[in-house]
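Spelled out from the first residue to the last, the chains are:
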Amino acid sequence: MFKTHLLISLLLGLFTFQFFEINKFIFIALVILAGSLPDIDIPSSKIGKKTRPVSNIINFLFGHRGILHSIFIPVLLFFVLSYYNLYEYGYAVLIGYLGHLLADAISSEGVNFLHPFLKLRIQGFIRVGGFLEYILFMLLIGLGILSIPRLF
Ligand SMILES: [Zn+2]
């Protein structure tokens with residue numbers, strides 16, 4: 001799933017950077033970083049392994065696909081960055097983070113966007129690591145290759 005998330009973030013960055021005034025590479029890098037952030041709540045994920053002690057604590061406290069997979073965290077990050085007049089960075093974080101949540105929402109595990117306060121669980125039919133994810137991944141690679149010229 002990490003690679004699928006990475007590609008989705010990259011594509012989101014490639015299709016939105018022109019609306020913002022910060023350097024496009026910084027913008028896309030931020031979208032990608034924010035797009036991998038939610039899975040810090042699984043110690044076995046790519047980002048979880050790199051941040052082991054922190055990831056273990058977050059997983060212990062909040063579980064996987066808990067508060068870190070709610071819309072509250074990206075909205076909070078956006079407001080914090082906006083407060084410091086870093087709107088453009090805030091939008092990059094918002095786009096990457098929400099992109100991750102939406103991608104998780106099409107998986108069969110689903111996501112509760114309003115966890116832990118209310119239930120707005122959205123669930124798809126794509127099994128993580130399954131055949132449909134593979135097909136999606138291949139489509140995203142194709143779209144990614146076709147989108148590279150947008151950078152220049
Ligand atoms: Zn996730």
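From a predicted model like this one, the values you see are computed outputs, not experimental measurements.

Attention now goes to the confidence of the model for the chain. The pLDDT averaged across the chain works out to 95; a share of 100% of its residues lies at or above 70. When pLDDT is averaged over each element of the chain, helix α5 (residues 72-83) comes out on top at 98 and strand β2 (residues 121-122) at the bottom at 94.

Membership of the largest hydrophobic core comes to 23 residues, with the highest contact counts inside it found for Ile 28, Leu 30, Val 31, Ala 92 and Val 93. Elements with a minimum of two residues in this core: α1 (2-16), α2 (24-36) and α6 (87-105). Broken down by element, the residue count for this core peaks at 9 residues, all from α6. Non-local contacts of Leu 30, meaning those with residues more than four positions away in its chain, are made with Tyr 89, Ala 92, Val 93 and Gly 96.

In this section: the packing of α2 against α6. Where α2 meets α6, the closest approach of the two axes is 7 Å, and the angle between their N-to-C directions is 40 degrees. On the basis of their axis angle, the class for α2 and α6 is oblique. Between α2 and α6 lies a crossing of right-handed hand. Facing Phe 27, Leu 30, Val 31, Ile 32, Leu 33, Ala 34 and Gly 35 of α2, the residues of α6 in contact are Tyr 89, Ala 92, Val 93, Ile 95, Gly 96, Tyr 97, Gly 99 and His 100. The class makeup of the residues in the contact of α2 with α6 is 11 nonpolar, 4 polar and no charged.

Another point: the environment of His 100. Within the secondary structure, His 100 sits in helix α6. Residues contacting His 100, with those up to four places away along its chain left out, are His 5, Gly 35 and Pro 38.

Here we take up α5. Counted at 1.5 Å a residue, the expected span for α5 with its 12 residues is 16 Å, and the 16 Å between its end C-alpha atoms agrees. Once α5 finishes, Asn 85 follows within two positions and takes phi at roughly 60 degrees, a positive value.

On to the packing of α1 against α2. For the pair α1 and α2, the least separation of the axes is 8 Å and the interaxial angle reads 145 degrees. Both α1 and α2 take part in a crossing whose hand is right-handed. Here α1 contributes His 5, Leu 6, Ile 8, Ser 9, Leu 10, Leu 12, Gly 13 and Leu 14 to the contact with α2, which in turn contributes Phe 27, Ile 28, Val 31, Ile 32, Gly 35 and Ser 36. For the contact of α1 with α2, the class distribution of residues is 9 nonpolar, 5 polar and no charged.

Basis of the calculations
- Residues numbered from 1 in each chain as written.
- Predicted model: local features only at pLDDT ≥ 70, side-chain atom pairs only at ≥ 80, totals over all residues.
- pLDDT = per-residue confidence, 0-100.
- Helix = DSSP H or I, 4+ residues; strand = E, 2+ residues; numbered from the N terminus.
- Core = buried A, V, L, I, M, F, W, Y, C linked by C-beta atoms within 7 Å.
- Buried ≥ 20, exposed ≤ 12 C-beta atoms within 10 Å, placed from the backbone.
- Contact = placed C-beta atoms within 7 Å.
- Axes fitted to C-alpha atoms, helices over the stretch in contact; angles between N-to-C directions.
- Parallel < 35°, antiparallel > 145°, perpendicular 65-115°, else oblique.
- Left-handed = near helix turned anticlockwise from the far one by under 90°.
- Nonpolar A, V, L, I, M, F, W, Y, C, P; charged D, E, K, R; others polar.
- Expected span 1.5 Å × (residues − 1).

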